[in-house]
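# Fold and geometry: a report
If you want the building blocks of each chain, they are given just below.
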Amino acid sequence: MSLALSAPAQSEPACADDGVWLECIECGAQWAPFDEIHYTCADCDSLLEVRYADPPTFDDFEGRGVWRYNAALPFEEGVTLPEGDTPLHEVPDLQAELGVDSLRVKHEGMNPTGAFKDRGMTVGVAVAKELGVDRLACASTGNTSAALAAYGARGGMETLVLLPSGKVAAGKIAQASLHGARILEVDGNFDSCLDIVQDLAARGEVYLLNSLNPFRLEGQKTIGFEILEKHYADYGEYPDRIVLPVGNAGNTAALYKAFRELVAGGALDEEQVPTLTGVQAEGAAPMVEAVENGRDEIDRWDDVETRATAIRIGNPVNAPKALPGIYNTGGTAVAVSDEQITTAQRQLAEAGIGVEPASAASVAGLRKLREAGEITADESVVCLTTGHLLKDPDAAFEAGGDPEPVPNDTDAVLEHIDDGGSALDSAIRTVSKATDSSLAAALGGLAAAYLGYRKLRSNEK
Ligand code: F0G
């Protein structure tokens, strides 16, 4: 099976273990899955994929969560918390405002550690156990480290995480810390952390559980199965398009693999495969650059910056798997500004869906492509939101309203609630957060004066 959408099922090679093997996406070399550790092809160093002799059909799936899909996974069960089975929310207001036929939000923030990474780790840590390794490691913008720490702890294994110093949201470091990972803060960005952890893995010091490890993507593939099953159950058809944030491009590759396997098994027609649409932040958009230029590979961006720290990545290692996914499903990729991301984060919050900034990129990307007419009004769309609001409390505070201090007195609280001034305060706070201008400073001064006046008035009573 090549990376073509229509590639037929393959016959089992001699190296396979119970119908499962590893195969290089470039040279086709095949490797036994659990005899030795392979992250990339030992012949040509390209990416590997997990391959199966029996592609799945929907009838093979039973149970709940990630392991419902074990017919499409290397094992029957794994180290589980459990994960998957996340909601596919309806968002009628957002759907009407964006003007698409239907819009659903697949909220992966509802996994045990608050991000989709748990799906990859339940499989990845099971493979680590099968291989008999004891020290697990990853580079991370935060969520992978939280998931690795939790699943490693659950599996009774040592965990080591390398994080870009000062660029990881508070909730994620807190998780890695409490679940007992050793946290190494590197004076560099995520891509440098991944370079180092790959070196450590090559020297046999650690078992690498970044999405470069093909088994991680097997777990993440189940996002695709869940979306298709639920959408079909609700509407009698599959979504036209899935819009998702892109960092290392693991999910894009994983969703594409889910669809290819269903096509190979005869469970899905090629024309039923949703269009994969990737969204990056403007300050970290090498995939978008590649897609805009119709290229098959990306150029690494050395300088990356975005408020959506989860996708602050300049060298998406899964691009060779993800770009065919975008091209062969008729998809595209788009870059959005941090401001557009924050707007989308607020809009999702208004629908009761709390996400971290990177997640909101999907909705921001949908808006941009809808406004450009690239996504049309007749489409049914699923946006993937990848991580929970509480992952990045600082970003949530910046996007949301501030607490209002009130006196310890019911009448004063009531007066404050009824007081139109509180609306003025919050408007001033929003303006002063949004800009650095002298106008904002002046408004800030006005707010201070007003608060002083109100305090005086309440003292008079
Ligand atoms: N959204 C969130 C919340 C993420 O944490 C990540 C990746 C992505 C999107 C991008 O997904 O890599 O599959 O394209 N986070 C990794 C980490 C890099 O270390 O937590 P992708």
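Residues numbered from 1 in each chain as written. Predicted model: local features only at pLDDT ≥ 70, side-chain atom pairs only at ≥ 80, totals over all residues. Heavy atoms only, no water.

## What to know about the environment of T113
Here is the rule we go by: Secondary structure elements are taken from DSSP: a helix is a run of H or I of four residues or more, a strand is a run of E of two residues or more, and numbering for both begins at the N terminus. With a 1.4 Å probe rolled over the protein chains alone, any residue whose accessible area is under 20% of its type maximum counts as buried; one over 50% counts as exposed, and the rest are partly exposed. Contacts are assigned to residue pairs that have any heavy atoms within 4.5 Å of one another.
With respect to the helices and strands, T113 occurs in the loop between β5 (102-107) and α2 (117-131). Take T113: its relative accessible area is 6%, and that puts it in the buried class. Once the C-alpha coordinates of T113 and A351 are considered, the two residues, 238 residues apart in sequence, prove to be 22 Å apart. Ignoring sequence-local partners within four residues, the contact set of T113 consists of D118, A146, A147, A150, Y151, Q175 and K391.

## Focus on the site of the ligand
The criterion, for reference: We call a residue near a molecule or strand when any one of its heavy atoms sits within 4 Å of it. We call two N or O atoms a polar contact when they sit within 3.5 Å, provided that within protein one can donate a hydrogen and the other can accept it, with sequence-adjacent residues counted only if both atoms are side-chain atoms. Under the convention used here, a 1.4 Å probe and the Shrake-Rupley method define accessible areas, while residue burial counts only the protein chains that appear. Residues were grouped as follows: Ala, Val, Leu, Ile, Met, Phe, Trp, Tyr, Cys and Pro as nonpolar; Asp, Glu, Lys and Arg as charged; and all remaining residues, including Gly, as polar.
In the vicinity of the ligand there are 20 residues, among which S140, T141, G247, N248 and T386 approach most closely. T144 is positioned such that a nitrogen or oxygen atom in its backbone is 2.8 Å from an oxygen atom of the ligand. Measuring from a nitrogen atom of the ligand, one finds a side-chain N or O atom of T386 at 2.6 Å. Notes on the ligand: free accessible area 480 Å², of which the protein chains cover 99%. Contributions of two or more residues to the shell around the ligand are made by α3 (143-154) and α8 (250-264). Among the residues making up the shell around the ligand, the classes are represented as 7 nonpolar, 11 polar and 2 charged.

## Let's talk about the confidence of the model for the protein chain
How we decide: Each residue gets a pLDDT score, which is the predictor's confidence in that residue and runs from 0 to 100.
Averaged over all residues, the pLDDT of the protein chain is 93; the fraction at 70 or higher stands at 91%. A low-confidence stretch, residues 449-461 (pLDDT under 50), is modelled with 11 contacts involving residues beyond four sequence positions or located in other chains.

## Remarks on unusual backbone geometry
Of the consecutive residues L81 and P82, the connecting peptide bond is found in the cis state with omega at -15°. Although it is not a glycine, D18 sits at a positive phi angle of roughly 55°. The residue D18 is located in the segment before β1 (20-24) in this model. Non-glycine residue D85 carries a positive phi angle of around 55°. Along the polypeptide, D85 turns up in the loop between β3 (48-52) and β4 (88-90).

## A short note on the packing of aromatic side chains
Quick note on the threshold: Centre distance within 6.5 Å is the pairing criterion for rings of Phe, Tyr and Trp, where only the six-membered ring of Trp is used; planes under 30 degrees apart are then read as stacked, over 60 as edge-to-face, and the remainder as tilted.
A complete count under the given rule lists 9 aromatic pairs for this structure. Relative to Y207, the ring of Y39 lies with its centre 5.7 Å away and its plane at 40°, an arrangement referred to as tilted. With Y39 in the loop between β2 (30-31) and β3 and Y207 in strand β9 (residues 207-208), this residue pair connects regions lying 168 residues apart in the sequence. Grouping residues by exposure puts Y39 and Y207 together as buried. Ring geometry for F61 and F225: centres 5.1 Å apart, planes at 40°, overall tilted. Of the two residues, F61 is situated in the loop between β3 and β4 and F225 in helix α7 (residues 222-235); the sequence distance between them amounts to 164 residues. Comparing F61 with F225 shows no difference in burial state: the two are buried. Pairwise contacts between aromatic rings join F58, F61, Y69, F225, Y232 and Y238 into one cluster.

## Re the sheet that holds strand β6 (residues 135-139)
Stated precisely, the cut-off is as follows: Only strands joined by at least two bridges in the DSSP assignment are considered to pair.
Strand order across the open sheet formed by 4 strands is β8-β7-β6-β9, with parallel pairing between neighbours. Edge positions in the sheet fall to β8 (182-186) and β9, since each has one partner strand and no second. Here strand β7 (residues 158-164) runs beside β8; their pairing, made up of 5 bridges, is parallel. Note that in β8 the partner of P164 across the bridge is V186.

## Here's the deal with the pattern of salt bridges
Convention followed: A pair is scored as a salt bridge if a Lys or Arg side-chain nitrogen falls within 4 Å of a carboxyl oxygen belonging to Asp or Glu.
Summed over the entire model, instances satisfying the criterion amount to 28 salt bridges. A salt bridge links K172 to E356, with the nearest nitrogen and oxygen atoms 2.7 Å apart. With a gap of 184 residues between them, K172 in helix α4 (residues 170-178) and E356 in the loop between α11 (338-350) and α12 (357-371) connect regions that are remote in the sequence. The buried category is assigned to K172, whose relative accessible area is 0%. A relative accessible area of 2% means that E356 is categorised as buried. The residue R367 makes a salt bridge to E371 at a minimum N-O spacing of 3.8 Å. Of this pair, R367 and E371 both sit in helix α12, 4 residues apart, roughly one helical turn.

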